[in-house]
Amino acid sequence: MLAGATAGATGLAVAELVSALLRGRVSPVLAVGEWVIKVTPGAVAERAISTVGQADKPLLVAGVVAAVLALSALAGVVMLRRRGVGTTLLMLLPLVAVLTGLTRPDARPVDVLPSLIGGVTGLAVALWLVPRARMATSGSAEDGPTRRRFLTDVGLAVLASGVLGAVSRWAGRGRRAVEEARRALGQGLRPPEQPSGVDLGVSGIAPWETPNAGFYRIDTALAPPLLEPVGWELRIHGMVERELRVTYADLVDRGMQSAWITLCCVSNEVGGELIGNAYWHGVRIDDLLAEAGVSPDADALLSTSQDGWTCGTPLVALSDGRDALLAIAMNGEPLPVEHGFPVRMVVPGLYGFVSATKWLVDWEVTRFDRFDAYWTERGWAEQAPIKTQSRIDTPRPNDSVVAGRIAVGGVAWAQHRGIARVELRVDDGDWQQATLARVPSIDTWVQWAWQWDAAPGRHTLTVRATDRAGATQPEQRTDVVPDGASGWHSVSLDVG
Ligand SMILES: Nc1nc2c(c(=O)[nH]1)N[C@H]1C(S)=C(S)[C@@H](COP(=O)(O)O)O[C@H]1N2
Ligand SMILES: [Mo]
């Protein structure tokens, strides 16, 4: 039991350490704890809270740790008789952590690493200690010294786990401090009110407002930079009349503007999901640039993040009156750390890699012929306005549906030009006009729907959109490199 529990403790400590080093929002223990909260019936949770009060969360965490130690102890005992069964039991623990972690909407592939590495470490410790435990308790004459050695090994492993645990807490302190600062800033914010008519209420279409937890994330950072608002500063320099240094408090004092803006990645394939729509709250970029006084010879803003990522944005797009924002809040919450806390850029109409710098710290007003930004150096375009796209969200490819009336629906986008029309085609039939939902501006995606009288057989649905400038999406499929995919999205399925 002692050998098993020690293995469990070591595994836990290593998992916590890996998670802290990856600056994960949740460690495996917390992920399991949050999952327990999620699946606990409300009445039970209510009773638990009224019994233990504010101690509910620490108790839950302690409970998860205790359960891991108890199950590892059991696994240790089982391993004495049936090694395979004991090992399997021990491996179930990290597996549960991985599975509960993956049910989170913000789950990423790297999130499996802490549990995996912790699990392997725990197993190694068990395979090392359990045979010694057997020797120490075999009842022979040499029991004394073997037992002492076993206990020394256990002591060392427990000590090592304690040190690792302390180091993990120390390594995770940056993330905790930043999350605390975020929470404090969130006090005055409220969730946005969704404009009426934006959601058609057709099941299967992506919700018009993308929740933060489900918002796609693209960046070059393995662990997100951790910046505290106090001490944050944006340096504005280059071809300007006045260099400026703007603090977080300066930004807040300038007064905020809010806008619904759909952000989208150039790597989004036709029909892809690297797109989301949020309510952004921030300071107008054109105001700040006007205050710095931009030289008439400049045509670009080179922005740099704290981790050295760069992007080049045309000054025209930042000063033609559109809602280009230095955003500090997303959907009524301070920016999530993964989405650029404390300050990022959002520019309607341009792909993220040329406009949406997260963890922003530096602005240089310059000329495109004087630099290559991060992705431009790697073969992507220098300028990249968003291409008009439309996507079928329902039905899904290869769904089996019954003949009759079927709701077909999805989203279409052409940020800062706006969507004028969405059309549907069944197989090689005529184009049919879809119904469009309302939108508050030309800067967001729009939901569309169309009623299909489906006849039995295999069918292919194809969608195409036309922007408000009158341009219809070309049929020709192009790759995402260098400036975004084009082509029509289609879905094939069987109607029975
Ligand atoms: N600092 C930094 N900002 C960045 C990136 C990055 O790699 N580093 N990626 C950009 C790209 S390619 C996109 S599509 C958007 C994605 O923003 P999101 O992760 O908040 O959805 O952020 C942009 N801002
Ligand atoms: Mo992107």
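Residues numbered from 1 in each chain as written. Chains lettered and ligands numbered in written order. Predicted model: local features only at pLDDT ≥ 70, side-chain atom pairs only at ≥ 80, totals over all residues. Heavy atoms only, no water.

Colleague: Outline the overall build of the protein, listing residues and values.
Modeller: Helices and strands together make up the secondary structure of the protein, namely 12 helices and 19 strands. Seen through its principal axes, the protein has C-alpha atoms that stretch 90 × 70 × 50 Å. When burial is assessed residue by residue, the protein has 48% of its 496 residues classed as buried. Restricting to contacts in the protein with at least 6 residues of sequence separation, those with at least 24 account for 74%. For the protein, the accessible surface area stands at approximately 23,100 Å², while carbon and sulfur atoms represent 57% of it. Separation of charge centres in the protein, based on 46 positive and 52 negative side chains, amounts to 9 Å. (Helix = DSSP H or I, 4+ residues; strand = E, 2+ residues; numbered from the N terminus. Buried < 20%, exposed > 50% of the residue type's maximum accessible area, 1.4 Å probe, protein only. Contact = heavy atoms within 4.5 Å. Areas by Shrake-Rupley, 256 points an atom, 1.4 Å probe, with all protein chains shown as cover. Lys, Arg positive; Asp, Glu negative; His and termini not counted. Charge placed at Lys NZ, Arg CZ, Asp CG, Glu CD.)

Colleague: A description of a nonpolar patch on the surface should follow, citing residues and the corresponding values.
Modeller: On the surface, a cluster of nonpolar side chains totalling about 520 Å² of accessible area is made up of Leu156, Leu159, Val163, Val167 and Trp170. Considering the arrangement of structural elements, one finds Leu159 in helix H7 (residues 143-171). Leu159 sits in the exposed class, given a relative accessible area of 57%. (Patch = residues over 30% accessible without salt bridge, like charges linked within 9 Å, V, L, I, M, F, W, Y side chains within 5 Å. Salt bridge = Lys/Arg side-chain N within 4 Å of Asp/Glu carboxyl O.)

Colleague: Lay out the packing of aromatic side chains with the relevant residues and their values.
Modeller: Throughout the structure, instances matching the rule amount to nine aromatic pairs. Judged by centre distance (4.9 Å) and plane angle (80°), the ring pair of Tyr374 and Trp375 falls under edge-to-face. You can call Tyr374 partly exposed: its relative accessible area is 21%. For Trp375, a relative accessible area of 30% translates into the label partly exposed. A centroid spacing of 6.3 Å and a plane angle of 75° characterise the contact between Trp375 and Trp380, whose relative ring orientation is edge-to-face. (Phe/Tyr/Trp six-rings, centres within 6.5 Å; stacked < 30°, edge-to-face > 60°.)

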